Amino acid sequence: MKVLSEQRENAVSGVETLKKMISLLATCIGLAVIVIGLNYAVDVFRLIFTLLHTPASLTDPIAQLATSFGGKAFDIKLTERTIPLANLIALLIYCFGVLLSALLTMALMQTGAKIVSLTAGDRHAVKQLLRSAFGCRARPNDDAAEQKRTIRD
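1. Quick word on the overall build of the protein
Okay, step 1: What the protein contains, in helices and strands, is 5 helices and 2 strands.
Okay, step 2: Here the contacts in the protein between residues at least 6 apart in sequence split such that 67% fall between residues at least 24 apart.
Okay, step 3: Here the protein displays about 12,200 Å² of accessible surface, and carbon together with sulfur accounts for 67% of that area.

Printed below as a string of structure tokens:
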């Protein structure tokens, strides 16, 4: 009988270990998705700040985009001047593309956060993950201090 209970404990232990490994893998994937989204967000904000500091850098992309879909064909000719409507359309398309990139980046980061939240929702599991990631350098807390912090939170 003792042998059967030990085998059950080993089987349960193996299943729990596998469950923790899958949870750890999913959490790492979620963190990687967050980091990728953060990288894209930095790129989008860098583009926006570059355009705000040097608007002349936007001239070439807008002109190329305007010529790609007709250029002068969309110009409105008035008696005194010509309004380059193709450039305005190209500017709107460019701004919409930057906005869409920012929204997709935020959605990517939110998806990564949801993955992490679903897989590492337990506070103890998150602490265990951080301890395993950073090793024994973090000082261990005693149970009484941890309970006091839990009550305050």
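2. A few points about the side chain of aspartate 75
Okay, step 1: For aspartate 75, the position within the fold is in the loop between helix 2 (59–68) and strand 1 (76–77).
Okay, step 2: With residues up to four places along the chain from it excluded, the contact list for aspartate 75 reads Thr82, Ile83, Pro84, Leu85 and Ala86.

3. A few points about the nonpolar core
Okay, step 1: Counting residues in hydrophobic clusters, the biggest one holds 6 residues: Leu51, Leu58, Ile62, Ala66, Ala86 and Ala90.
Okay, step 2: Apart from residues lying up to four places away in sequence, alanine 66 is in contact with Gly71, Ala86, Asn87 and Ala90.

4. Some points on the packing of helix 2 against helix 3 (residues 85–119)
Okay, step 1: Where helix 2 contacts helix 3, the two axes come as close as 8 Å, and the packing angle between them is 110°. Judged by the inter-axis angle, helix 2 sits roughly perpendicular to helix 3. Read as a crossing pair, helix 2 and helix 3 show a hand that is right-handed. Along the contact surface, helix 2 presents Pro61, Ile62, Leu65 and Ala66, while helix 3 presents Ala86, Asn87, Ala90, Leu91, Ile93 and Tyr94.
Okay, step 2: Residue composition of the contact of helix 2 with helix 3, by class: 9 nonpolar, 1 polar and no charged.

Basis of the calculations
- Residues numbered from 1 in each chain as written.
- Predicted model: local features only at pLDDT ≥ 70, side-chain atom pairs only at ≥ 80, totals over all residues.
- Heavy atoms only, no water.
- Helix = DSSP H or I, 4+ residues; strand = E, 2+ residues; numbered from the N terminus.
- Contact = heavy atoms within 4.5 Å.
- Areas by Shrake-Rupley, 256 points an atom, 1.4 Å probe, with all protein chains shown as cover.
- Core = buried A, V, L, I, M, F, W, Y, C linked by side-chain atoms within 4.5 Å.
- Buried < 20%, exposed > 50% of the residue type's maximum accessible area, 1.4 Å probe, protein only.
- Axes fitted to C-alpha atoms, helices over the stretch in contact; angles between N-to-C directions.
- Parallel < 35°, antiparallel > 145°, perpendicular 65-115°, else oblique.
- Left-handed = near helix turned anticlockwise from the far one by under 90°.
- Nonpolar A, V, L, I, M, F, W, Y, C, P; charged D, E, K, R; others polar.

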